[in-house]
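Per-entry structural report
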Amino acid sequence: MQRIGVFVCHCGTNIAGTVDVKAVAEALKTEPGVVFSTDYQYMCSQAGQEIIKNAIAEYKLTGIVVCSCSPRMHETTFRKAAEKAGINPYLVEIANIREHCSWIHKDMEEATRKAVILMRAAVDKVRGKRMPKLVGSHVFWKPKVAQILFQFKLDKARIHFLSGRRAQYEIV
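Residues numbered from 1 in each chain as written. Predicted model: local features only at pLDDT ≥ 70, side-chain atom pairs only at ≥ 80, totals over all residues. Heavy atoms only, no water.

Take the nonpolar core next. Grouped together as the largest cluster of nonpolar side chains are 38 residues, with contacts concentrated most on Phe7, Val8, Val19 and Ile64. Not counting residues within four places of it along the chain, the set of residues in contact with Val19 comprises Val24, Ile97, Cys101, Ser102, Met108, Ala111, Thr112 and Ala115. (Core = buried A, V, L, I, M, F, W, Y, C linked by side-chain atoms within 4.5 Å. Buried < 20%, exposed > 50% of the residue type's maximum accessible area, 1.4 Å probe, protein only. Contact = heavy atoms within 4.5 Å.)

With that out of the way, let us pick up the pairing of strand β2 (residues 34–40). Most of β2 is tucked away, with 5 of its 7 residues classed as buried. Examined bridge by bridge, strand β1 (residues 4–9) and β2 share 6 bridges and lie parallel to one another. Along β2, the bridge assignment pairs Val6 with Ser37. Regarding topology, helix α1 (residues 21–28) serves as the crossover connection from β1 to the parallel β2, and that connection is right-handed. (Helix = DSSP H or I, 4+ residues; strand = E, 2+ residues; numbered from the N terminus. Pairing = 2+ DSSP bridges. Right-handed = clockwise from strand over helix to strand, strands pointing away.)

Strand order across the open sheet formed by 4 strands is β2-β1-β3-β4, with parallel pairing between neighbours. Strands at the two margins of the open sheet, each flanked by one partner only, are β2 and β4 (92–96). Averaged over all adjacent pairs, the angle separating strand axes in this sheet is 15°, with direction ignored. Looking at chain direction, strand β3 (residues 63–68) and β4 are connected through 5 bridges and run parallel. (Axes fitted to C-alpha atoms, helices over the stretch in contact; angles between N-to-C directions.)

This paragraph deals with the side chain of Lys53. Here Lys53 lies in helix α2 (residues 46–59). The buried category is assigned to Lys53, whose relative accessible area is 16%. Other than its neighbours up to four places away in sequence, Lys53 contacts Gln46, Ala81, Lys84 and Ala85.

One pass over the full model with this rule turns up 2 aromatic pairs. Measuring from ring centre to ring centre gives 5.6 Å for Phe7 and Phe36, while their planes differ by 50°; the resulting arrangement is tilted. In this pair, Phe7 sits in strand β1 while Phe36 sits in strand β2, placing the two residues 29 residues apart along the sequence. One exposure class covers both Phe7 and Phe36, and it is buried. Judged by centre distance (4.7 Å) and plane angle (35°), the rings of Phe36 and Tyr59 are tilted. Residue Phe36 is found in strand β2, and its partner Tyr59 is found in helix α2; the two are separated by 23 residues along the sequence. In this structure an aromatic cluster arises from ring pairing among Phe7, Phe36 and Tyr59. (Phe/Tyr/Trp six-rings, centres within 6.5 Å; stacked < 30°, edge-to-face > 60°.)

Okay, here's the thing in structure tokens:
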């Protein structure tokens, strides 16, 4: 069973001004597989990265989820910290609650509820849940197909490349 650590960033007031980060961290403590959950002012800072590394060592974490800003900004930062602590950097998931929650919602309760949902989805991804069986086929942009197939370890899928950047996949 996975031993997952959850780290919720305040991002100063960027996130904490709209999302109740302490409530998000508390909500995730009860998720199956989550053995550690905390929040910190700036998780991307050196002190924040030390919190991650220490938790990985102390709780023998096998994967982590960081609830913070865009993966574009700090995914590499968190992956490097995890790798230095001895876990696979690809078992690090980022739940982007800055752009997807705090910057678009004004209501703290609504933003917090959505942050918990995004965080649970990221925990499920680290836990390695498989995607439910899909009936029929679905059309996505080619990069999205690759992401879906890799993310859910779908080794029995047929991919049909359509015109432009579109592709279709079918679960066999």
